[in-house]
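Spelled out from the first residue to the last, the chains are:
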Amino acid sequence: MKIYKFLSLLFIAFNFFTFTSCRNSDDDDSSSETKGKLQLKFENGFNNLGNIVLNQTTQTSSNGQKHQFSTLKYVISNISLIDENGNEFKYNENNPDKGAFIINQEKAVAGIVYVDLDEIPKNNYKKIKFGLGISQYAYLLGQNGQAEFWEKAKKESLTWSWAAGYIFVKLEGKYGAGAANTEFMNHTGNMGNVTANNTPDLYREVILDLPTTARVSASIKPSIHILADFNQYLSGETVINLSSTNDMAMGSNQHLVNVTNNLIKMFKVDHVHND
């Protein structure tokens, strides 16, 4: 009888331990396999004030030149999230079909263009990195390696011929001294294989600190609100005056190298929501 009672108690204890362990395992989302989602919110503005209204919002450059945009588009790719220990999660690196996005002001909702990312490992992220444009590595994979994104970019008029490649940033509008009444078009982008063609590589990477940790988990989808200050276009590191010599520039000449180097300084993270 004593042996029977002992075995019964042992059986009960074993089942309780197994049930508890399984329940704890089910409830615990701290596994490295846990995935979550994250949202990027891009807000384009002037002087850190967002919501540029196309054909309406007018800015005056540091040299007194007025300008406004009728078209404002750019490509971001190779998004990375960097955690508290410096570890980097790369989101579909050099895979434009899954990891490149078009920020088009015309499609902004209340001034915001949204980019939704999924399959993000649970972690606490302190920095974000992304590319402005498409890297040479991705481009040289060939058209078959990015057919889906190429078609998206083509519909958005963000491509030249395949041999020339993508338009990275497309800015169009009007400018002038007293009033913005002269048309301009500045389209930046690589000219195909930059090594073979001996042309500048305008792809650039941006790294931004997050003012608040983005805590990705199965139940928390952070949103990172990024301001893009387009005052940098003409009033950035290199002060630019638009004129008949550069107001219809396309490609990667020195003027557009200067434009690119100005624009990579325009991004900053305004705030992070952990909802």
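So, how was this worked out
Residues numbered from 1 in each chain as written. Predicted model: local features only at pLDDT ≥ 70, side-chain atom pairs only at ≥ 80, totals over all residues. Heavy atoms only, no water. Helix = DSSP H or I, 4+ residues; strand = E, 2+ residues; numbered from the N terminus. Buried < 20%, exposed > 50% of the residue type's maximum accessible area, 1.4 Å probe, protein only. Contact = heavy atoms within 4.5 Å. Areas by Shrake-Rupley, 256 points an atom, 1.4 Å probe, with all protein chains shown as cover. Polar contact = N/O pair within 3.5 Å; in protein donor to acceptor, adjacent residues only side chain to side chain. Core = buried A, V, L, I, M, F, W, Y, C linked by side-chain atoms within 4.5 Å. Phe/Tyr/Trp six-rings, centres within 6.5 Å; stacked < 30°, edge-to-face > 60°. Salt bridge = Lys/Arg side-chain N within 4 Å of Asp/Glu carboxyl O. Pairing = 2+ DSSP bridges. Axes fitted to C-alpha atoms, helices over the stretch in contact; angles between N-to-C directions.

What follows deals with the overall build of the protein chain. Scanning the protein chain for helices and strands turns up seven helices and 13 strands. Burial statistics for the protein chain: of 275 residues in total, 49% are counted as buried. Residue pairs at least 24 apart in sequence account for 74% of intrachain contacts in the protein chain once pairs closer than 6 positions are excluded. About 13800 Å² of surface is accessible on the protein chain, with carbon and sulfur atoms providing 50% of the total.

Within the secondary structure layout, Asn274 lies in strand E13 (residues 267-274). Residue contacts for Asn274: discarding those within four places in its chain leaves Thr212, Thr213, Ala214, Arg215, Ile220 and Pro222. A distance of 2.9 Å separates the side chain of Asn274 from the backbone oxygen of Thr213, its partner in a polar contact. A distance of 2.8 Å separates the side chain of Asn274 from the backbone nitrogen of Arg215, its partner in a polar contact.

Right, let's get into the environment of Glu88. Turning to its location among the elements, Glu88 is positioned in strand E4 (residues 88-90). Residue classification places Glu88 among the partly exposed residues on the basis of a relative accessible area of 35%. Sequence-wise, Glu88 and Lys127 are 39 residues apart; in three dimensions their C-alpha atoms are separated by 9.2 Å. Glu88 has contacts with Ser80, Leu81, Ile82 and Lys129, leaving out every residue within four places of it along the chain. Within the structure, the side chain of Glu88 is placed 2.9 Å from the side chain of Ser80, a separation counted as a polar contact.

Looking now at the nonpolar core. Among the nonpolar cores identified, the biggest contains 64 residues, and Phe42, Tyr74, Ile128, Phe130, Ile224, Phe230 and Phe267 are the most heavily contacted of them. Residues contacting Phe42, with those up to four places away along its chain left out, are Tyr74, Ile76, Ile103, Gly111, Ile112, Val113, Val115, Phe130, Ile226 and Phe267.

What follows is about the packing of aromatic side chains. The final tally for this structure, using the stated rule, is 17 aromatic pairs. Ring geometry for Phe69 and Phe230: centres 5.8 Å apart, planes at 75°, overall edge-to-face. Residue Phe69 is found in strand E3 (residues 66-83), and its partner Phe230 is found in the loop between strand E11 (222-229) and helix H6 (232-235); the two are separated by 161 residues along the sequence. Its relative accessible area of 0% is what places Phe69 among the buried residues. Grouped by ring-pair contacts, the aromatic residues Phe42, Phe46, Phe69, Tyr74, Phe130, Tyr175, Phe184, Phe230, Tyr233 and Phe267 constitute a single cluster.

Applying the stated rule across the entire model yields eight salt bridges. A salt bridge links Glu93 to Lys90; the nearest nitrogen and oxygen atoms lie 3.7 Å apart. With a relative accessible area of 41%, Lys90 lands in the partly exposed category. We note a salt bridge from Lys107 to Glu156, for which the minimum N-O separation is 2.7 Å. Of this pair, Lys107 sits in the loop between strand E5 (101-104) and strand E6 (112-121) while Glu156 sits in the loop between helix H4 (147-155) and strand E8 (169-176), and the two are 49 residues apart along the sequence. Look at the salt bridges and you will find they share partners, linking Lys73, Lys107 and Glu156 into a network.

We now examine the environment of Asp209. Here Asp209 is to be found in strand E10 (residues 204-216). Sequence separation between Asp209 and Lys127 is 82 residues, and the spatial gap between their C-alpha atoms is 4.5 Å. A polar contact is formed between the side chain of Asp209 and the side chain of Lys127, at a distance of 2.4 Å.

With respect to the helices and strands, Gln39 occurs in strand E1 (residues 35-45). Engagement of the side chain of Gln39 in a polar contact is seen with the side chain of Asp116, the distance being 2.9 Å. Other than its neighbours up to four places away in sequence, Gln39 contacts Tyr114, Val115, Asp116, Lys221, Pro222, Ser223 and Ile224.

The next subject is the sheet that holds E1. The four strands are arranged E6-E1-E11-E13 in an open sheet whose pairing can be described as mixed. Across the chains shown, the open sheet's two edge strands, defined by having one partner strand only, are E6 and E13. Recorded for the sheet is a direction-independent mean angle of 20° between the axes of neighbouring strands. Across seven bridges, the pairing between E11 and E13 is antiparallel. The partner of Pro222 across the bridge, within E13, is Asn274.

Bringing unusual backbone geometry into the picture now. Unlike most non-glycine residues, Glu119 shows phi in positive territory, near 55°. Its identity as a non-glycine residue notwithstanding, Ser157 has a phi of 60°, on the positive side. Of note, Ser157 is situated in the loop between H4 and E8.

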